[in-house]
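Here is what each chain is made of, one letter per residue.
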Amino acid sequence: MTTRFQRIRVRVVRVGPHTTHVSVPVYADGQILVPVQTFDLMSATGMTRAQLTGAALTASANADATTDTDLHLHDWQAPAPSDGPPC
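Residues numbered from 1 in each chain as written. Predicted model: local features only at pLDDT ≥ 70, side-chain atom pairs only at ≥ 80, totals over all residues. Heavy atoms only, no water.

## Section: the overall build of the chain
Of regular secondary structure, the chain possesses two helices and five strands. The helix and strand sequence of the chain, counted from the amino end, reads β-β-β-α-α-β-β. Among the 87 residues that make up the chain, the fraction classed as buried is 33%. By sequence separation, contacts in the chain at least 24 residues apart represent 50% of the contacts at least 6 residues apart. Per element, the accessible surface of the chain, about 5200 Å² overall, is 53% carbon and sulfur. (Helix = DSSP H or I, 4+ residues; strand = E, 2+ residues; numbered from the N terminus. Buried < 20%, exposed > 50% of the residue type's maximum accessible area, 1.4 Å probe, protein only. Contact = heavy atoms within 4.5 Å. Areas by Shrake-Rupley, 256 points an atom, 1.4 Å probe, with all protein chains shown as cover.)

Structure below.
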């Protein structure tokens, strides 16, 4: 079975020194926060911890995920303001 990845919008909810929690609207209507490594987000986006708080980002995710760990969020990007309203 091949994993199907697609680009999705996410919203950063909580930023900690090691772990950041993001809301993923296409997974559980964004009600379950998904943990990701803060350093990974900072490195990929060029944003500081302060800038990450509340940020709208995009990531590639497993479109067929049934659990938050199956999402395999990666390839983080900070969308340009012209990309439309945040999720």
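## Overview of the side chain of Asn62
Assignment of secondary structure puts Asn62 in strand E4 (residues 56-62). Only 3.1 Å separates the side chain of Asn62 from the backbone oxygen of Asp70, close enough to count as a polar contact. With residues near it in sequence (within four places) discarded, Asn62 still touches Thr3, Arg4, Phe5, Asp70 and Leu71. (Polar contact = N/O pair within 3.5 Å; in protein donor to acceptor, adjacent residues only side chain to side chain.)

## So, the pattern of salt bridges
If the charged atoms of two oppositely charged side chains come close together, the side chains can form a pair. Enumeration over the complete set of coordinates arrives at two salt bridges. One salt bridge in this structure joins Asp75 and Arg7, with 2.5 Å as the shortest N-O distance. In this pair, Asp75 is assigned in strand E5 (residues 74-77) and Arg7 in strand E1 (residues 5-15), connecting sequence segments 68 residues apart. (Salt bridge = Lys/Arg side-chain N within 4 Å of Asp/Glu carboxyl O.)

## Describing the side chain of Ser23
Looking at the element boundaries, Ser23 is found in strand E2 (residues 19-23). A polar contact of 2.9 Å, which involves the side chain of Ser23, links it to the backbone oxygen of Gly30. For Ser23, the contacting residues outside a window of four places in its chain are Val10, Arg11, Val13, Gly30 and Leu33.

## Quick notes on unusual backbone geometry
Unusually for a residue other than glycine, Asp29 sits at a positive phi of about 55°. By secondary structure assignment, the location of Asp29 is in the loop between E2 and strand E3 (33-37). The exposure class assigned to Asp29 is exposed, which follows from its relative accessible area of 67%. At Asp75, a position not held by glycine, the phi torsion is positive, near 55°. Relative accessible area serves as the criterion here: at 41%, Asp75 is assigned to the partly exposed category.

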